[in-house]
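Descriptive structure summary
Spelled out, the chains give:
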Amino acid sequence: MAEASLVVIGAGVAGLTTALLLSRHPRYRIYVVAKHMPGDYDIEYASPWAGANYMPVSNRGTRAAEWDKNTWAPLDNLARHHPEAGVHFQECQIHNRSKDVGSATAEWFSELLSPSPWFKDVVPDFRNLDKQSLPEGIDSATSFTSVCINTALYLPWLASQCLKNGVVFKRGTFKHISEAARFTNRSQKVDLIVNCTGLGAAKLGGVEDAAVVPARGQIVVVRNDAGKMIDISGTDDGDDEACYVMTRAAGGGTVLGGSYQKGNWESQVDPNLAIRIMKRAVAVCPALTDGQGIEKLDVVRHGVGLRPVREGGARVEKERIDGVWVVHNYGHGGAGYQSSYGCAEEAVKLVQEALGGYLAKL
Ligand code: FAD
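Given the structure is predicted, the values throughout are model-derived calculations rather than measurements. (Residues numbered from 1 in each chain as written. Predicted model: local features only at pLDDT ≥ 70, side-chain atom pairs only at ≥ 80, totals over all residues. Heavy atoms only, no water.)

**Remarks on the UniProt feature "binding site: D-dopa" (unreviewed entry) in the chain**
As annotated by UniProt and renumbered to match this structure, "binding site: D-dopa" (unreviewed entry) occupies G334. Among the structural elements, G334 can be located in the loop between strand 15 (324-330) and helix 6 (340-361). Of the residues examined, G334 reaches a relative accessible area of 43% and is grouped as partly exposed. (UniProt positions renumbered as here; feature names shortened; annotations may be inferred. Helix = DSSP H or I, 4+ residues; strand = E, 2+ residues; numbered from the N terminus. Buried < 20%, exposed > 50% of the residue type's maximum accessible area, 1.4 Å probe, protein only.)

Quick look at the structure:
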């Protein structure tokens, strides 16, 4: 049977999910080429640093909300039927403080903080919590069943599912996107390139998307168990700091966050911020340390990741560059996991549109 050769650039959650969905089509021969692969921890590779949970911040009626909506069912399926993927269900509480109205975090979370967000009928068990049950200083809160992904298991799981379907993985770094069309040593023509380079899209020749910027997220991973996920509308320590806790599936530890520092490329841990993150976490979730202080936190590692934000939203679209079709799927900011299947499904449709006529002629 005639085949088309596809090169997916990037092995983060966007590249791996797109490659996996493409690999279910028998007429595509797929290569994933990336500078960083599952198992690496690097400032240029966002995916391992994510919490990662499903907590939509997309606004009602947008493409982003559609991507998030279409991602819930696949994640729910993984949590229910595929324990080896490292995804589990966990209660997620969103705490809201009136004093945060207008702050950067509250603006970012505006839909999430609503008592009636669009996703209330998508996730199970959505409810508004009784004011009496809330900790001091919290004015309202919602709760729902979400998932938390152990990225150290999930990224290799995605890669292994791709390998099972015949996808070929190669290390490679491209200066210009068109180099991907020549990467198979000219032995085989590349028919289409899928661009899942995250923050790399800002510098990759032929793309150089000036709208792509980092939003620095600092985290602490601890061995303590939080029991549930908690997120708050803001902190008293500055507009670009955040407070959340989530316990990853299958012994992945609990992630304490964080920050959302736009335009900040700093890769090194800020020790003062780390202390503030831990103090806020034990205050919002006393169960972490049985009501004691941060000295009772058992730290696995401190980390920094850069969310690949794209002003105006993620780019999922196709274009021709140097005579070759390119399907873009990058710029997912702080939502790369919770939008992963929705975006990848759309990317696959664009690949089919671009190659449809070509394959029909073979
Ligand atoms: P990346 O994971 O950065 O992968 C990019 C890939 O492209 C890499 O393989 C890289 O090597 C490759 N690449 C780039 N340029 C080139 C080149 N020129 N040549 C070859 N290869 C190249 N999201 C959620 O949904 N839920 C969460 O709870 C969540 N929490 C987060 C917490 C933190 C602290 C951070 C930092 C992020 C969080 N995110 C969360 C966001 C999520 O991590 C990102 O949206 C997602 O990882 C982006 O994935 P990606 O595949 O687009 O990019």
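**Observations concerning the site of the ligand**
The immediate surroundings of the ligand are formed by 40 residues, with H36, S47, F174, G333 and Q338 found nearest. Measuring from an oxygen atom of the ligand, one finds a backbone N or O atom of A11 at 2.9 Å. Between the ligand and G336 there is a distance of 2.9 Å, counted from an oxygen atom to a backbone nitrogen or oxygen. In the complex, 96% of the free accessible area of the ligand, which totals 1,000 Å², lies under the protein chains. At the level of elements, helix 1 (13-22), strand 8 (212-222) and strand 13 (299-310) are the ones that each hand at least two residues to the shell around the ligand. Counting residues per element, the shell around the ligand draws most heavily on strand 13, at four residues. Here the shell around the ligand is built from residues that sort into 19 nonpolar, 18 polar and three charged. (Near = heavy atom within 4 Å. Polar contact = N/O pair within 3.5 Å; in protein donor to acceptor, adjacent residues only side chain to side chain. Areas by Shrake-Rupley, 256 points an atom, 1.4 Å probe, with all protein chains shown as cover. Nonpolar A, V, L, I, M, F, W, Y, C, P; charged D, E, K, R; others polar.)

**Side note on the nonpolar core**
By size, the foremost hydrophobic cluster in this structure holds 75 residues, and its most contacted members are L6, L22, Y154 and V351. Leaving out residues up to four positions away in the same chain, V351 has contacts with L6, L22, Y28, L192, V194 and V327. With 21 residues, the next largest nonpolar core counts L129, A226, I230 and C285 among its residues. (Core = buried A, V, L, I, M, F, W, Y, C linked by side-chain atoms within 4.5 Å. Contact = heavy atoms within 4.5 Å.)

**Digging into helix 5 (residues 271-284)**
If you check helix 5, its first and last C-alpha atoms are 20 Å apart, about what 14 residues at 1.5 Å a residue would give, namely 20 Å. Within helix 5, the full set of buried residues consists of L273, A274, I277, M278, R280, A281, V282 and V284. For helix 5, the N-terminal cap is D270; the gap from its side-chain oxygen to the backbone nitrogen of N272 is 2.9 Å. (Expected span 1.5 Å × (residues − 1).)

**Some points on the pattern of salt bridges**
This model, assessed by the stated rule, comprises 21 salt bridges. A salt bridge links D236 to R97; the shortest N-O distance between them is 3.0 Å. Here R97 lies in the loop between strand 3 (87-96) and helix 3 (104-108) and D236 lies in the loop between strand 9 (229-232) and strand 10 (241-247), a separation of 139 residues in the sequence. Note that R223 and D298 form a salt bridge whose closest N and O atoms lie 3.0 Å from each other. One end of the pair, R223, is in the loop between strand 8 and strand 9; the other, D298, is in the loop between helix 5 and strand 13, with 75 residues separating them in the sequence. (Salt bridge = Lys/Arg side-chain N within 4 Å of Asp/Glu carboxyl O.)

**Structural notes on the environment of D290**
Inspection of the secondary structure assignment puts D290 in the loop between helix 5 and strand 13. D290 sits in the exposed class, given a relative accessible area of 68%. Between the C-alpha atoms of D290 and N224, which are 66 residues apart in sequence, the distance is 9.8 Å.

**Digging into the confidence of the model for the chain**
When pLDDT is averaged along the chain, the result is 95; 97% of the residues meet or exceed 70. For this predicted complex, the interface confidence score (ipTM) comes to 1.00, while the overall pTM stands at 0.97. (pLDDT = per-residue confidence, 0-100.)

**Considerations on the side chain of T142**
Tracing the backbone through its elements, the reader meets T142 in strand 5 (residues 140-149). Judged by its relative accessible area of 4%, T142 falls in the buried class. Setting aside anything within four residues of it in sequence, one finds T142 in contact with C92, Q93, I94, L112, S114, P115, F126, R127, N128 and L129.

**Comments concerning the pairing of strand 15**
Of all seven residues in strand 15, six are buried, a share of seventy percent or more. As paired strands, strand 7 (residues 192-195) and strand 15 are joined by four bridges and run parallel to one another. Directly across from V194, in strand 15, lies its bridge partner V327. The pairing of strand 14 (residues 315-321) with strand 15 spans seven bridges and is antiparallel. When the sheet's bridge partners are listed, R320 is paired in strand 15 with W325. (Pairing = 2+ DSSP bridges.)

**Considering helix 2 (residues 63-81)**
Here helix 2 spans 28 Å end to end across 19 residues, near enough to the 27 Å set by a 1.5 Å rise per residue. Of all the bends in helix 2, the greatest reaches close to 25 degrees and is centred on W72; the proline P74 follows between one and four positions later. Among the residues of helix 2, A65, W67, D68, T71, W72, P74, L75, D76, L78 and A79 are the ones counted as buried. (Bend = angle between axes of the 7 residues up to and from the residue.)

**A closer look at the packing of helix 1 against helix 4 (residues 151-164)**
Interaxial distance between helix 1 and helix 4 falls to 9 Å at its minimum, and their mutual angle equals 30 degrees. By the angle between their directions, the pair helix 1 and helix 4 is classed as roughly parallel. For the crossing formed where helix 1 meets helix 4, the hand is left-handed. Contacts between helix 1 and helix 4 involve V13, L16, T17, A19 and L20 on the former and, on the latter, Y154, L155, L158, A159, Q161 and C162. Per-class residue counts for the contact of helix 1 with helix 4 are nine nonpolar, two polar and no charged. (Axes fitted to C-alpha atoms, helices over the stretch in contact; angles between N-to-C directions. Parallel < 35°, antiparallel > 145°, perpendicular 65-115°, else oblique. Left-handed = near helix turned anticlockwise from the far one by under 90°.)

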